[in-house]
Every structure is written in structure tokens, then in C-alpha cells.
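Residues per chain are reported as follows:
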Amino acid sequence: MTGLIAGEFRKLFTTRLWLWLLLGAMGLTALYASLLIGFSEDPDTMTAPLNSPEGQRTLFAVASGGANTLVAVLAAIGITGEFRHKTATATFLATPHRGRVVAAKLATYALVGVAYGVACLGVVTAIALPWLATKDIEVGVLDNGLPGTYAGVIADTAIFGLLGVGLGALLRNQVATVVGLLVYRFVAEPILTGIPALDSWTTYLPGAASAALTQVSLTTQEYLRAWEGGLVLAGYGLLFATAGALFSMRRDIT
Amino acid sequence: MSVYIEPAIEAAGLTRTFGDVKAVDDLSFTVARGTITGFLGPNGAGKTTTLRMLLSLVTPDAGSATIGGRRYVDLPEPGTVVGAALEATGFHPARSGLNHLRVYCTISGYPLARADEVLDEVGLGPVKRRRAGGYSLGMRQRLALAAALLGDPEVLILDEPANGLDPEGIVWMRRFLRGYAESGRTVLVSSHVLTEMQQLVDQVVILRRGRLVRQGALAELSGGPPWSVVKTPEVERLLAALRNGGAAEPRVERLGPDALRIDLAAAHIGRVALGARVELHELTPGRDDLEQAFFELTAEHESEREPA
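Cut-offs applied
- Residues numbered from 1 in each chain as written.
- Chains lettered and ligands numbered in written order.
- Predicted model: local features only at pLDDT ≥ 70, side-chain atom pairs only at ≥ 80, totals over all residues.
- Helix = DSSP H or I, 4+ residues; strand = E, 2+ residues; numbered from the N terminus.
- Buried ≥ 20, exposed ≤ 12 C-beta atoms within 10 Å, placed from the backbone.
- Contact = placed C-beta atoms within 7 Å.
- Rg over C-alpha atoms; globule rule 2.2 N^0.38 Å.
- Pairing = 2+ DSSP bridges.
- Axes fitted to C-alpha atoms, helices over the stretch in contact; angles between N-to-C directions.
- Nonpolar A, V, L, I, M, F, W, Y, C, P; charged D, E, K, R; others polar.
- Domains from an automatic or database assignment.
- Parallel < 35°, antiparallel > 145°, perpendicular 65-115°, else oblique.
- Left-handed = near helix turned anticlockwise from the far one by under 90°.
- pLDDT = per-residue confidence, 0-100.
- Core = buried A, V, L, I, M, F, W, Y, C linked by C-beta atoms within 7 Å.

Here we take up the overall build of chain B. Along the backbone of chain B there are 11 helices and 13 strands. By principal-axis analysis of the C-alpha atoms, chain B measures approximately 75 × 55 × 45 Å. Evaluated residue by residue, chain B yields a buried proportion of 43% over its 308 residues. If you take every contact in chain B between residues at least 6 apart in sequence, the share linking residues at least 24 apart comes to 71%.

What follows concerns the overall build of chain A. Across its full length, chain A carries 10 helices and 0 strands. Its C-alpha atoms give chain A a radius of gyration of 19 Å, within 12% of the compact-globule value 18 Å for 254 residues. Principal-axis analysis of the C-alpha atoms gives chain A an extent of 60 × 40 × 25 Å. Going through the 254 residues of chain A one by one, you find that 47% of them count as buried. A separation of at least 24 residues holds for 77% of the contacts in chain A among residues at least 6 apart in sequence.

Time to look at the sheet that holds strand 4 (residues 62-67) of chain B. Residue and element names in this part refer to chain B. Taken in spatial order, the 3 strands make up an open sheet running 2-1-4, and their pairing is antiparallel. Two strands in the sheet have a free side with no partner beyond their single neighbour: strand 2 (21-31) and strand 4. For this sheet the average axis-to-axis angle between neighbouring strands, irrespective of direction, equals 20°. Bridge count for strand 1 (residues 9-18) against strand 2 is 7 bridges, and the pairing is antiparallel. Considered in strand 2, the bridge of Ile9 is made with Val31. Contacting strand 1, strand 2 and strand 4, helix 1 (residues 47-54) runs over the sheet at an angle of about 120° to strand 1.

Listed as interface residues are 28 residues of chain B and, on the opposing side, 24 residues of chain A. Sorting the residues of the side of chain B that touches chain A by element identifies helix 2 (78-81) and helix 3 (97-108) of chain B as the ones contributing at least two each. Here the side of chain B that touches chain A gets 7 residues from one element, more than from any other, and that element is helix 3 of chain B. Grouping the constituent residues of the side of chain B that touches chain A by class yields 14 nonpolar, 10 polar and 4 charged.

Segmenting chain B into domains produces domain 1 (9-222) and domain 2 (228-287). Spacing between the C-alpha centres of domain 1 of chain B and domain 2 of chain B amounts to 45 Å.

Attention shifts here to the sheet that holds strand 13 (residues 282-285) of chain B. Residue and element names in this part refer to chain B. Strand order in the open sheet made by the 4 strands is 11-12-10-13, with antiparallel pairing throughout. Edge positions in the sheet fall to strand 11 (252-256) and strand 13, since each of these pairs with one other strand and no more. Here the strands of the sheet are splayed against their neighbours by 20° on average, with no regard to which way each runs. Where strand 10 (residues 228-231) and strand 12 (residues 259-262) come together, 4 bridges link them in antiparallel fashion. By the bridge assignment for strand 12, Ser228 is matched with Ile262.

Residues and elements named next belong to chain A. Where helix 3 (residues 53-84) contacts helix 6 (residues 146-171), the two axes come as close as 7 Å, and the packing angle between them is 20°. The angle between helix 3 and helix 6 places the two elements in the roughly parallel class. Handedness of the crossing formed by helix 3 with helix 6: right-handed. In the contact of helix 3 with helix 6, the residues fall into 19 nonpolar, 10 polar and 2 charged.

Attention shifts here to the environment of A:Ile154. Residue and element names in this part refer to chain A. For Ile154, the location among the structural elements is in helix 6. C-beta crowding within 10 Å serves as the criterion here: with 23 such atoms nearby, Ile154 is assigned to the buried category. In the structure, Ile154 is positioned 91 residues away from Ala63 in sequence and 9.0 Å away in space, judged by C-alpha atoms. Residue contacts for Ile154: discarding those within four places in its chain leaves Val114, Gly117 and Val118.

With that settled, consider the confidence of the model for chain B. Atom-level detail of predicted coordinates should not be read off regions where pLDDT is low. For chain B, the mean per-residue pLDDT works out to 87, and 91% of the residues sit at or above 70. Taken together, the chains of this predicted complex give a pTM of 0.85 and an interface ipTM of 0.89.

Our next topic: the nonpolar core. If you look at the biggest cluster of nonpolar residues, it comprises 151 residues, and the most contacted ones within it are A:Ala63, A:Val124, B:Leu54, B:Leu101, B:Ala146, B:Ala147 and B:Ile157. At 16 residues, the largest contribution of residues to this core is made by helix 3 of chain A. Excluding anything up to four places from it in sequence, B:Leu54 contacts B:Ile9, B:Ala11, B:Ala65, B:Ile67, B:Tyr72 and B:Ile157. Counting residues in hydrophobic clusters, the runner-up holds 10 residues, among them B:Leu238, B:Leu260, B:Ile262 and B:Val278.

Moving on, we come to the packing of helix 5 (residues 98-134) of chain A against helix 10 (residues 226-246) of chain A. Residues and elements named next belong to chain A. Interhelical geometry of helix 5 versus helix 10 gives an angle of 155° and a closest axis separation of 9 Å. Between helix 5 and helix 10, the angle is such that the two are roughly antiparallel. In the packing of helix 5 onto helix 10, the handedness of the crossing is right-handed. Of helix 10, the residues touching helix 5 (which contributes Arg98, Gly99, Val102 and Leu106) are Ala241, Gly244 and Ala245. Split by residue class, the contact of helix 5 with helix 10 holds 4 nonpolar, 2 polar and 1 charged.

All names here are of chain B. Looking at where Val204 falls in the secondary structure, it is placed in strand 8 (residues 203-208). In this structure, the C-alpha to C-alpha distance between Val204 and Gly216, residues 12 residues apart in sequence, is 5.6 Å. In contact with Val204, other than residues within four places in its own chain, are Thr37, Gly38, Leu40, Arg214, Gly216, Leu218 and Leu221.

This part takes up unusual backbone geometry. All names here are of chain B. Positive phi values are uncommon outside glycine, yet Asp26 reaches one of about 50°. With respect to the secondary-structure elements, Asp26 resides in strand 2. Take Asp26: there are 14 C-beta atoms within 10 Å of it, and that puts it in the partly exposed class. At Arg209, a residue that is not glycine, the phi angle is positive and equals roughly 50°. Structurally, the position occupied by Arg209 is in the loop between strand 8 and strand 9 (211-217).

Below is the structure:
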């Protein structure tokens, strides 16, 4: 299995997509962090003040929003690309047990998610510490419950790697998977969670479960406890991956 | 010691249907060790589906396919037993040929230097660091072959490897496969371009509409009665001379006012014509070759055509 995972990393690092999406995730994180700090003194702001522990946790949690969808996109492309570029033939010739290929990709993209999460937390730190210092706010990076937020962000971005692989394994089609992911994240779920009558079950949707992991939400929606959110989110990823490995990955490679 | 030598490849009752079409229909054949076997049939005969069933990429509806006695999916290190080059398109366009092969070295646990070795073997050394997306079709065929060679396998399975190769490349491929088989290893190579096969294969497995038409040595297949094409201004004199000289009346077909197809060896016709002082303008031995035999074996019969 280590050879398989090393092979997946070699696939990843021999094209440039990981780099562009990482830069995109870091850029998005920088944008979110800057907006949050820039408007922190606006009287209409919904977030807690940045000198409060809650405000600081909210600030560091933007790394999750900056990275998670792009991790899922990278992971989805990593598995659906095998079919798009027909490398699935060579991949399944080298590893005829297709479930092992899916498992290796799950492990690989969870690790990639960890790396993206760490990088984006680094971006928030690099922006927040000097900027807040000018506002006479000192951030103790190990205080105010921030380590819990880091853990939440990293768990979140890792689990989004599982989600991307799982959905890709199930759908196999690259365009359908990536478009589906983006439409779901930015259109479908925000609409569903905007309906208060559905609150009792929309807390179990992936986006809400993701917000639960960092215990930060910019909406008024209730969310689960962090570990519950993590389990729900990982559950989606593993459910998709298992269904994908059992059904669609077994189909003919032609 | 057993005298029975297990075949390298064995298909037994392989069947696969796509929708209403029986792509492969109760197909059984064997490929003996140390041979180059041509897997022949017109386009759409089920060759690719069969090869993919041998490699556990396509699941048969019925029957079994084994390599060295085991299903491909049950081989612990498949790449060291069988190497397959199925299509010249299975590369990420942005990845170099070298990196493509290194991925599979890493997965299968071969040293990375093996990628360089096989690229040199197939003549891609000079372009190995270029993006595979920029490779010509011929280069892609070579890269697919290089991937098949990575594990130094006992058996090679190639699907239409000559597609897209220029004449020089085809000569190269033929020589390469000959050398490979001469070391005692086995090659199964599919093609619909039969003239290439004729100079390469020892054995043939011929497929039509998913069914086996013929399996055997190439020599048995292409040996037919001799015939010749003759052009002469003195058709009647030649025919009279042939009737006088031969025991049985030869079958003659008129191809034109001065051209005939005669079911006799060219050497015999030439000798008779010389003896009778008949002027010949052309004397060509007919080629009852693989292509001819293949055409006859795989010809569509009116009654079998699908209703339009």
C-alpha cells in the first residue's frame, strides 16, 4: 500500500495542478482573512471583535473555507483524470484490485488536504499577526482555543480530500464531478441551509458538518459538535468511496 | 516431470455482450509459450474486448481467461508475468514519458532506473523528458510498449501496436517482437492489418463476429493451391498448349481480352509457353497469402448481416 500511495503522490507532483490549486487556496484564504480584518471595526459586522477569543478563532477558521473545496476538486480530478486521460488502464493493470487504488487515493488526498490546511493556516498567521499588531491586538497563537481551531481546519481539509475521491470514484466523469461539487458547495447547500424550517436536518449536510469542525459559522445556523461534524463529513466521503469502489469502479475499463 | 506444458494464455468459453451485441461469443483458444501469435480479425470482431478480458479490465459474462494458469486479477505481481500495451492514448498529456513510467515503477516496486532502460529499448530516450501530449502517434505506441516492458514480463499482449507507425517503425516493431520471442517468451499481438502479421507471427487465432474462426500455425493457413495471372496476345494458343501438356484441364478465368487467371503454378505455365513458343507479356504467381485466407475466412455472408 505504501508503494501505491507513493505512486499516487508521484502522479500528483508530475503535473502542476496541485500547485495552481494550492496557490488558489492560499489566495482565497488571504482574501477572506483580509476582508475579515478590514471590516472588523465596521459597525454592521457579524463577527465577534478580533480582540476576543471567539473573533480570533473565526479569523483562523477562514483557512478551512479557503482550502477545503479546492482540496476536494484536486482529489476529484485525481481520480476522474484516470478515466479522462485513460490512464485507468495502466493503473488497473498495475493494481488489478481496484478497491486498493481507491484506498490509496483516499489516503493520498487526505494527506494532501492536511498540507493544504497547514499552508492556509500559515497564510492567515502571516497576514493576521502583523496587521492586528498595528491595531494593538496581540494574538497568542497557542492561546484562546486556537489550537482547537487549527485541528478543526486540518481535519476539515483532510476530510474534503476523502469527499473528492469518494465522489469522483462514484461518478467517474470529471466534468460532472467538479461541476457537481462546486454547484453543491456554492449554490445548493447555501439555499437549503437558508431555509429555517429545514434546520433540524440541514445541520447534517456536508457544509454544515464542515462548519461544525471549526465551530465557526458565518450564518446563524446551528451546528453539531466538532467531532460529530467530523464523523458526518468523513461518513459522506467514505460512503461515496465505498459505493464507488463497489459499483462504478468495477465497471469495464475500455 | 509433466510433459504437458501449460499454455501461456488460455481462454475458455469467453462470452461478453454489450446491449444486444455479442461482442465475444463462446471464444476458446490457447497461446503456446514461446510463440508469437497473431490475434486477427476485422475491426469490430471482438479482439480488444477479448484482450481486455484476459487482463481483468473487462468482466466476461461467462467463461474464463487465464495467464500462466491464473486470472490476471489473481496474479500477485502481474507486471512481471504479463505486460500489456492496449492503446496509444493512455497518458496524461502534461506528464513526460519518463514520469509516466516512473509512476508505475513506484506502484509496482521496480527501481526508477527501469523507466530509463525501457525508454532506451524502444528508442524514446531522446524525448523522454518531453510532455507525452506532444508525442506523435508512433512515439505513443512506443511509450505504451515501454510501459508493458517495465516488469520484464514473460508474456506480452499488444493491441494493434503497428497503428500509427510509419513503415520504418513497423519494421522496428517486428524486429523487436521477434527478438523478444526468441528469448523464449510469448507474444500475443492483435491486428487487422494482415500483411504486417504475415512476416511476424508463427501462430494465428482468427476471430469473426466474436467467434473463433481458425486457430493454428500460419503455414497451414496460407498454403493453398497455386495460381497465376498471365497476359498474352495468344490466349487460345497458350490454353491449347496447356491442355496438351497437362493431365487435367486447369481452371481458367478470363480477366480481360489478353489476361487470364489460371490455377497452375507460374513455373509450369512458363515452361509450357516456352515449349510452345507462345509470347507472354506478363506471368505473375498468385499470392494465396494470409490476407486472402483471412478475407475468405472472415467474409460476411449475406444471411448473417444484420437487418438494416
